[in-house]
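Spelled out from the first residue to the last, the chains are:
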Amino acid sequence: MTDLPFDADPRGIWRAPGWGAPLHLEKIPTGRRLEFAGKKKRGRRLLAERAEVLADAQERLWAHQVAAADETRSAVMERLTSRIPQLTGDQRRRREQVLTAEVLEALRDVEQGPRVLLVLQGMDASGKGGTVKHVAGSMDPLGVSVTGFGRPTEAERREHYLRRVIRRLPAPGMVGVFDRSHYEDVLVPAVSGDLDADALAGRTETLRLFEDELVRRGFALVKVFLHLSPEEQLERLLSRLDRREKHWKYDPSDADARADFDTFRTVYSGLLEATDADWAPWHIVGADRKWYSRLAVQELLIAALEDLELGWPRAGYDIETERARLLQSWL
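Notes on the structure in this doc start here. The structure displayed is predicted, hence computed values, not measured ones. (Residues numbered from 1 in each chain as written. Predicted model: local features only at pLDDT ≥ 70, side-chain atom pairs only at ≥ 80, totals over all residues. Heavy atoms only, no water.)

**A short note on the side chain of His160**
Its place among the elements puts His160 in the loop between helix 6 (154–157) and helix 7 (163–167). His160 has contacts with Leu99, Thr100, Glu102, Val103 and Thr206, leaving out every residue within four places of it along the chain. (Helix = DSSP H or I, 4+ residues; strand = E, 2+ residues; numbered from the N terminus. Contact = heavy atoms within 4.5 Å.)

Set out below in structure tokens:
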């Protein structure tokens, strides 16, 4: 019997709406092992065991892109795009107004096809990099793209803030990972006060409509907020100063951001609630225990890949004929 990590469906354990509305991150526990029986030893064992399941599911996605029949491709895309309601005329006009011609033109160049995009957000030291290493690292690197979004360059500042995100979207058949993401261009200016309430609402709507467009192009979105307590954050940041090999991970701006911890948490609360949807769900995962949050993200990725219902593509050639040809090749 397969030993599954969690006692409930991972798709529902950490969903943002389950914490009530309005959402208040400060009221959500960061250290509880929700739906997990056992401790760190079992968690680390399952992380290693389930890595094989994740790698197999990712390989099926890549094989689908390379070798699936046209009718199979169409059926998978139909399942994916049916997750999101069709636009009405008014909604289409609103989308064109909010996303702008620049963004819509860039999106038209995004190839259609199934892929998974994992969006990781969280406070400094919440474990985003470690999650990428320990979870995404178990998959075939040829089928994975990882992007970390820092401060935009001067060139990027002169264009719409979504353009740099669109350029780094994973291709069909890939699993993409965003270590920070398009949410940074809303979160950071909102915390600094550069966005007033109306501007924040406008950018939040833009995020929702942008993700809707991604789903229509075949993206399966997995959005995870790694929810860290201020106490655990302080311990992790101090440890970076205590260890020479970790000095490179610390930036003096970390202390400035920590001083705004409550503001970040408040802005995040509003963003997560406003941009959660069944086709673009937010999962709030307690991150005080690194092994637990990594295991949670791994299971969410497995579930997203399994939801694609991909089998191995049928051979487009006669297997016995090819076997005979190979056996004759050195005679």
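**A few points about the sheet that holds strand 2 (residues 144–148)**
Within the open sheet, the five strands sit side by side as 2-3-1-4-5. Their pairing is parallel. The open sheet terminates on both sides in strands that have one partner only, identified here as strand 2 and strand 5 (282–286). If you compare each strand with its neighbour and ignore which way they point, the axes differ by 20° on average. Along the sheet, helix 9 (residues 197–216) contacts strand 1 (115–122) and strand 4 (219–227); its crossing angle with strand 4, the most-contacted strand, is approximately 135°. (Pairing = 2+ DSSP bridges. Axes fitted to C-alpha atoms, helices over the stretch in contact; angles between N-to-C directions.)

**Structural notes on the packing of aromatic side chains**
By the definition in use, this model includes 10 aromatic pairs. Between the aromatic rings of Phe6 and Trp14, the centroid separation amounts to 5.0 Å while the plane-to-plane angle is 85°, which identifies the pairing as edge-to-face. In this structure, Phe6 and Trp14 share a single accessibility class: buried. Relative to Tyr292, the ring of Trp14 lies with its centre 6.4 Å away and its plane at 80°, an arrangement referred to as edge-to-face. With Trp14 in the loop between helix 1 (10–13) and helix 2 (40–67) and Tyr292 in helix 13 (residues 290–306), this pair connects stretches of sequence that are 278 residues apart. Residue class for Trp14 comes out buried when judged on its relative accessible area of 0%. An aromatic cluster is defined as three or more aromatic residues linked by ring pairs; in this entry it consists of Phe6, Trp14, Phe36, Trp291 and Tyr292. (Phe/Tyr/Trp six-rings, centres within 6.5 Å; stacked < 30°, edge-to-face > 60°. Buried < 20%, exposed > 50% of the residue type's maximum accessible area, 1.4 Å probe, protein only.)

**Overview of the environment of Leu34**
If you trace the backbone, Leu34 turns up in the loop between helix 1 and helix 2. Of the residues examined, Leu34 reaches a relative accessible area of 16% and is grouped as buried. In this view, Leu34 contacts Phe6, Ile13, Trp14, Trp19 and Tyr292; residues no more than four positions away in its chain are not counted.

**Considering the pairing of strand 4**
For strand 4, a buried count of nine out of nine residues is recorded, marking the element as mostly surrounded by other parts of the structure. Residue alternation in strand 4 divides its side chains into two sets, Phe219, Leu221, Lys223, Phe225 and His227 and Ala220, Val222, Val224 and Leu226, and both sets are buried. Pairing between strand 1 and strand 4: eight bridges, direction parallel. Directly across from Leu117, in strand 4, lies its bridge partner Leu221. In the sheet, strand 4 pairs with strand 5 via five bridges, with the strands oriented parallel. What sits directly across from Val224, in strand 5, is His283.

**A word on the side chain of Glu213**
Within the fold, Glu213 resides in helix 9. Engagement of the side chain of Glu213 in a polar contact is seen with the side chain of Arg95, the distance being 3.2 Å. In terms of polar contacts, Glu213 uses its side chain to reach the side chain of Arg216, at 3.0 Å. The contacts of Glu213, once residues within four sequence positions are left out, are Leu87, Arg95, Leu99 and Leu107. (Polar contact = N/O pair within 3.5 Å; in protein donor to acceptor, adjacent residues only side chain to side chain.)

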